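Reading the structure
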Amino acid sequence: QVQLVESGGGLVQPGGSLRLSCAASGNIFRLNDMGWHRQAPGKQRELVATVTRDASTRYADSVKGRFTISRDNAKNTVYLQMNNLKPEDTAVYYCNADVWKLGSFGPRGYWGQGTQVTVSS
């Protein structure tokens, strides 16, 4: 079994910062792309940022210059540093990863349970 566990969400004032973490555990042979998505109330889930195994990154236009995604392959962990947060960043943030399990024929996607980020004064 593979699990993705997020942490680091919470309440922050506009202009503040938060750092999200997501640790993958279980029978993992290889972690490929990892990323963060978010879903605000009444809206569809949207991509925030992704990072490949060799650290190439991609960001949604709405977070470019404010958010930074990174990963630690030795710890099977992906991070999202969020600076200059805005009320419109309020959402549940979900970690996802393309995971190749031990003994399987190929990779498949996994999701974490989500962590709430609220930006409000």
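Preceding this section is the structure that the text describes.
Everything quoted here is computed from the prediction, not taken from an experiment.

**A word on the overall build of the protein**
Helix and strand counts for the protein come out as zero helices and 11 strands. Counting from the amino terminus, helix and strand elements in the protein follow one another as β-β-β-β-β-β-β-β-β-β-β. The C-alpha atoms of the protein give 14 Å as radius of gyration, which agrees with the globular expectation for 121 residues (14 Å, within 12%). With respect to the three principal axes, the spread of C-alpha positions in the protein is 50 × 25 × 25 Å. Counting all 121 residues of the protein, 41% fall into the buried class.

**Regarding the nonpolar core**
Counting residues in hydrophobic clusters, the biggest one holds 32 residues, and the most contacted among them are Trp36, Leu80, Met82 and Tyr93. A per-element tally of this core places strand 9 (residues 91–101) first, with five residues. If we ignore the near neighbours within four places in the chain, the residues touching Met82 are Gly16, Ser17, Leu18, Leu20, Arg66, Phe67, Tyr93 and Val117.

**Topic: the state of the cysteines**
Applying the stated rule across the entire model yields one disulfide. The residue that forms a disulfide with Cys22 is Cys95, at a sulfur-sulfur distance of 2.1 Å. Measuring the twist about the S-S bond at about -75 degrees, one finds the Cys22-Cys95 disulfide to be left-handed. Pair noted here: Cys22 is in strand 3 (residues 18–26) and Cys95 is in strand 9, with a separation of 73 residues, a long-range link. For Cys22, a relative accessible area of 0% corresponds to the buried category.

**With respect to the pattern of salt bridges**
Throughout the structure, instances matching the rule amount to four salt bridges. As a salt-bridge pair, Arg38 and Asp89 come within 2.9 Å of each other at their nearest N and O atoms. Placement of Arg38 in strand 4 (residues 28–39) and of Asp89 in the loop between strand 8 (77–82) and strand 9 is noted, with a sequence separation of 51 residues between them. In terms of burial, Arg38 and Asp89 fall into one category: buried. Linking Lys64 and Asp61 is a salt bridge whose minimum nitrogen-to-oxygen distance equals 3.1 Å. Judged on exposure class, the residue Lys64 and its partner Asp61 are both exposed. The structure contains a network of salt bridges with shared partners spanning Arg38, Glu46, Arg66 and Asp89.

**Structural notes on the sheet that holds strand 7 (residues 67–72)**
Sheet architecture is open: four strands sit in the order 1-3-8-7, paired in antiparallel fashion. The open sheet is flanked by strand 1 (2–7) and strand 7, the only strands paired with a single partner. On average, adjacent strands in this sheet sit at an angle of 15 degrees to one another, irrespective of strand direction. As paired strands, strand 3 and strand 8 are joined by six bridges and run antiparallel to one another. Each residue of the ladder has a partner; that of Leu20, found in strand 8, is Leu80.

Criteria and thresholds
Residues numbered from 1 in each chain as written. Predicted model: local features only at pLDDT ≥ 70, side-chain atom pairs only at ≥ 80, totals over all residues. Heavy atoms only, no water. Helix = DSSP H or I, 4+ residues; strand = E, 2+ residues; numbered from the N terminus. Rg over C-alpha atoms; globule rule 2.2 N^0.38 Å. Buried < 20%, exposed > 50% of the residue type's maximum accessible area, 1.4 Å probe, protein only. Core = buried A, V, L, I, M, F, W, Y, C linked by side-chain atoms within 4.5 Å. Contact = heavy atoms within 4.5 Å. Disulfide = S-S within 2.5 Å. Salt bridge = Lys/Arg side-chain N within 4 Å of Asp/Glu carboxyl O. Pairing = 2+ DSSP bridges. Axes fitted to C-alpha atoms, helices over the stretch in contact; angles between N-to-C directions.

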